[in-house]
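# Structural overview for review
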Amino acid sequence: MKKPEFLQRRSNRDNPVERKYMSYEDVPLTAFKDNDPVPQGMTKRFFKVFGILFLGVVVVLALVNIDKLTPDNISHWIQYELLGKSEGNGYPVRFVGTSINTENFSMLDRCPVYCSNTSVVVLNSNAGEYQNNQHSFANPIMKTDNEFSIIYNADATGYEIINRNGVLHTGNAERKLFDADIAANGTYALLTYGNDYLSTLTVNDRNNKKIYGYSFAEYYVSNVSVNSSGTRAALSGVSAKDGGLISVIYILDFSQKTYYQKYEFEDAYIYDICYLDNDNIVAVGDTAVYHINMEKKKMTEISYDSRILTTYVFKRNYGVFLSLSINPDGRECDIVAINSECKQEASISTGNRILSLDYWNGKICALMSGHAAIYDFKGSALFTTDVSADARKMCFCDSNTLYLLGTSSIYQIEAKYES
């Protein structure tokens, strides 16, 4: 007996049929059976093979571009691509409503860095900001060495440590700060007013753990410079003796309880001191430069010969560069270069007032009123350019690129040398 039509359709739903096309009357979509079903496990195998191929491509690309996979480039991608920081619109870049002291403008990891009265800013080569962090220091002073800067609040207790990409540490000294310095390896020194002493030195490692302390009872020690390995420090200070002025240089080794070396100077004042990369020390005074050979424990005085010091710059990898004027008003300056072995390698007459000096790989840049020049050690002008009338300080980034601090702007200068 033939089944009724509605029972035949129900039978079709219960027993799927194979066909090349579908009919809405005969077989519902849920009952349709494909001729070539996907084998079980195919999807998992496909993604596994795809993942292996993808990882292979990534490894090949990484090997081809291994020189570009640096922490800096990875950090750059995170900051500018992922976090959306600005790449910058080029120099000059203006800073409005803030003031910057010349000592607070420098190069950090070959990038312009400045500390204004309100914030710390690090710029890239196109005037974009690596960082812009506000501070609350009334009298900020910045010291920079290679990849680190320490900014401290003079005559107060606050300080912070930064690298190019951000703030690494914020802290407070136990007492008010005279000075601070940071080494290339991140070790830093805090020189403070003493409690029962005239001055106190505290040294911390890069993890902010105290590794050394020393107190001074005879002198007000006000300048400190840490060597690049963070194992020693050179310090200078002053006191009074028989109604006159006496200055001192201390050399401290962080493995010793007493000072390593000590030098005293009567009727002389030391402005600043620097621990050089070759382990020697140079200090700039009001009438002379003082060079200390650490191995021979010998101090050499290099007189200014009645000339007046107008500006100077320490370079740890070289020595010191001085601007000495024959006039009381600071005009007609000579550039004098004294290397780390206490040899005077250059004496260049400029006939101009010099506002700032810097050095890079055998080249000396001098900023003068209305123009700037780059000299070799023989005194030949390799490059000259006009600059803004408000220019106050100039720094090398590399042999061809310099940055210039003005009253309200920072400029970039590309030096093109005659072949």
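It should be noted that the structure appears before, not after, this text.
Note that the coordinates shown come from a computational prediction; the quantities given were computed from them, not determined experimentally.

## Quick notes on the sheet that holds strand 31 (residues 401-405)
Spatial ordering of the open sheet is given by 1-32-31-30, a layout of four strands whose pairing is antiparallel. Edge positions in the open sheet fall to strand 1 (93-94) and strand 30 (393-396), since each of these has one partner strand only. Across five bridges, strand 31 lies against strand 32 (residues 409-414) in antiparallel orientation. From the neighbouring strand, Tyr-403 faces strand 32, where its bridge partner is Gln-412.

## Some details on the side chain of Ser-225
Looking at the secondary structure, you find Ser-225 in strand 14 (residues 220-226). On the basis of relative accessible area, Ser-225 is assigned to the buried category, the value being 2%. Every residue in contact with Ser-225, bar those within four places of it in the chain, is listed here: Asp-181, Arg-232, Ala-233, Ala-234, Ile-273, Cys-274, Tyr-275 and Arg-316.

## Looking at the packing of aromatic side chains
By the definition in use, this model includes 19 aromatic pairs. On the basis of an interplanar angle of 55° and a centroid distance of 5.0 Å, the ring pair of Tyr-214 and Phe-216 is categorised as tilted. Classification of Phe-216 by relative accessible area gives buried; the value is 1%. Taken together, a centroid distance of 6.4 Å and an interplanar angle of 50° make the contact between Phe-321 and Phe-377 tilted. Linking Phe-321 in strand 23 (residues 319-325) with Phe-377 in the loop between strand 28 (371-375) and strand 29 (381-386), this pair joins segments that are 56 residues apart in sequence. Overall, Phe-377 belongs to the partly exposed group, its relative accessible area being 22%. Pairwise contacts between aromatic rings join Tyr-214, Phe-216, Tyr-219, Tyr-250 and Tyr-259 into one cluster. The side chain of Arg-232 reaches across the aromatic face of Tyr-260, ending 4.3 Å from its centre. A cation over a ring is seen here: Lys-297 above Tyr-260, with NZ or CZ 5.3 Å from the ring centre.

## With respect to empty space enclosed by the protein
Summary: where empty space remains is shown by rolling a probe the size of a single water molecule over the atoms. Following the criterion strictly, the structure yields one cavity of 30 Å³ or more and no others. Computed from the structure, the largest cavity encloses a volume of approximately 40 Å³. Considering the residues around the largest cavity, the lining is formed by Val-289, Ile-302, Ser-303, Tyr-304, Arg-307, Leu-322, Leu-324, Val-336, Ile-338 and Gln-344. Sorting the residues of the lining of the largest cavity by element identifies strand 21 (298-303), strand 23 and strand 24 (333-339) as the ones contributing at least two each. Grouping the amino acids of the lining of the largest cavity by side-chain chemistry returns seven nonpolar, two polar and one charged.

Thresholds applied
Residues numbered from 1 in each chain as written. Predicted model: local features only at pLDDT ≥ 70, side-chain atom pairs only at ≥ 80, totals over all residues. Heavy atoms only, no water. Pairing = 2+ DSSP bridges. Helix = DSSP H or I, 4+ residues; strand = E, 2+ residues; numbered from the N terminus. Buried < 20%, exposed > 50% of the residue type's maximum accessible area, 1.4 Å probe, protein only. Contact = heavy atoms within 4.5 Å. Phe/Tyr/Trp six-rings, centres within 6.5 Å; stacked < 30°, edge-to-face > 60°. Lys NZ or Arg CZ within 6 Å of the ring centre and 35° of its normal. 1 Å grid on protein atoms, 1.4 Å probe; cavity = no way out; pocket = protein on both sides within 12 Å on 5 of 7 lines; lining within 4 Å. Points joined across faces, edges and corners; volume = space filled by probe spheres on them. Nonpolar A, V, L, I, M, F, W, Y, C, P; charged D, E, K, R; others polar.

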